[in-house]
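A structural walkthrough
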Amino acid sequence: MYHLNVSDMTCGHCVRAVEKAVKTVDPDAKVAVDLDSKTASIDSQLGSDAFIAAIEDAGYTASFRKSCCSHVA
């Protein structure tokens, strides 16, 4: 499970665009995008860098979300 910050989302269209970007990398991924917290949670067996690249290619800024103790959540 990957947890990402997606800071440039502003509307429902953005949420759908991020979901679509994730699905282009892994059509079987389970993805939950939260506009209010500007985050995306992705459950997939594929590497996380591919998801970050796809989200960025869609026009958004994506980065790993850090936990309270500075480990990747």
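Anything mentioned here points back to the structure above.
Residues numbered from 1 in each chain as written. Predicted model: local features only at pLDDT ≥ 70, side-chain atom pairs only at ≥ 80, totals over all residues. Heavy atoms only, no water.

A tally of helices and strands in the protein yields two helices and four strands. Ordered by position from N to C terminus, the α and β elements of the protein give β-α-β-β-α-β. Expressed as a percentage of the 73 residues in the protein, the buried residues total 32%. Within the protein, counting contacts between residues at least 6 apart in sequence, those at least 24 apart form 60% of the total. In the form shown here, the protein has an accessible surface area of approximately 4300 Å², with 52% of it arising from carbon and sulfur atoms. (Helix = DSSP H or I, 4+ residues; strand = E, 2+ residues; numbered from the N terminus. Buried < 20%, exposed > 50% of the residue type's maximum accessible area, 1.4 Å probe, protein only. Contact = heavy atoms within 4.5 Å. Areas by Shrake-Rupley, 256 points an atom, 1.4 Å probe, with all protein chains shown as cover.)

The next thing to look at is the sheet that holds strand β4 (residues 62-64). An order of β2-β3-β1-β4 is seen for the four strands of this open sheet, with the pairing classed as antiparallel. In this open sheet, the two strands that pair with only one neighbour each are β2 (30-34) and β4. Between one strand axis and the next, the sheet turns by 25° as a mean value, whatever way the strands run. The sheet contact formed by strand β1 (residues 2-6) and strand β3 (residues 39-43) spans four bridges and is antiparallel. By the bridge assignment for β3, H3 is matched with S41. (Pairing = 2+ DSSP bridges. Axes fitted to C-alpha atoms, helices over the stretch in contact; angles between N-to-C directions.)

Treat this as a map of the structure, not an account of what it does.
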